[in-house]
Amino acid sequence: MKKILCIASMAVTAVLAVVSYCVLPASVVTQIGPGGATNAMPKLAALALSLLLAFGGGLAGLMARDPRNTFKGTAVSVAGAVVLTAVLLVNLPR
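Residues numbered from 1 in each chain as written. Predicted model: local features only at pLDDT ≥ 70, side-chain atom pairs only at ≥ 80, totals over all residues. Heavy atoms only, no water.

Asker: Break down the packing of helix α2 (residues 43-63) against helix α3 (residues 67-91) for me, citing the residues and quoting the values.
Answerer: Two elements in contact, α2 and α3, have axes whose closest approach is 7 Å; the angle formed by their N-to-C orientations is 160°. Overall, the two elements α2 and α3 adopt an arrangement that is roughly antiparallel. Both α2 and α3 take part in a crossing whose hand is left-handed. Only Asn69, Thr70, Gly73, Thr74, Val76, Ser77, Gly80, Ala81, Val83 and Leu84 of α3 make contact with α2, whose side of the interface consists of Leu47, Ser50, Leu53, Ala54, Gly57, Gly58 and Gly61. Its residues assigned to classes, the contact of α2 with α3 comprises seven nonpolar, 10 polar and no charged. (Axes fitted to C-alpha atoms, helices over the stretch in contact; angles between N-to-C directions. Helix = DSSP H or I, 4+ residues; strand = E, 2+ residues; numbered from the N terminus. Parallel < 35°, antiparallel > 145°, perpendicular 65-115°, else oblique. Left-handed = near helix turned anticlockwise from the far one by under 90°. Contact = heavy atoms within 4.5 Å. Nonpolar A, V, L, I, M, F, W, Y, C, P; charged D, E, K, R; others polar.)

See below:
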């Protein structure tokens, strides 16, 4: 079951990355503070970090032999998808 979640998380992240690349502006907000946007980075760097989290964790979860390590990889993969979703939602053009 966890391996299916790893594969699904990587697939969702890949689709979100393609959509984000097409929709997001060249500079995306990655940190928000009380006064508004406090940190921004180039779009490709933000996408690369999210993809690295999702695919690195997904591959670690798929290749793990111990069920505890499978859970850790799955959690990292899902976190990558959540991070990319948050970046997309915060930076959608209005």
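Asker: Go over the nonpolar core, please, and point to the residues and values.
Answerer: The biggest cluster of nonpolar side chains holds nine residues, and these are Leu16, Ala17, Leu24, Val28, Ala46, Leu47, Leu84, Val87 and Leu88. Mapped onto this core, the elements with two or more residues apiece are α1 (2-23), α2 and α3. Filtering out sequence-adjacent residues up to four positions away, Leu88 remains in contact with Leu16, Val19, Ser20 and Leu24. (Core = buried A, V, L, I, M, F, W, Y, C linked by side-chain atoms within 4.5 Å. Buried < 20%, exposed > 50% of the residue type's maximum accessible area, 1.4 Å probe, protein only.)

Asker: Summarise a nonpolar patch on the surface; cite the residues concerned and give the values.
Answerer: Residues Val15, Val19, Val23, Leu89 and Leu92 make up a contiguous nonpolar surface patch of roughly 390 Å² in combined accessible area. The element best represented in the nonpolar patch is α1, accounting for three residues. (Patch = residues over 30% accessible without salt bridge, like charges linked within 9 Å, V, L, I, M, F, W, Y side chains within 5 Å. Areas by Shrake-Rupley, 256 points an atom, 1.4 Å probe, with all protein chains shown as cover. Salt bridge = Lys/Arg side-chain N within 4 Å of Asp/Glu carboxyl O.)

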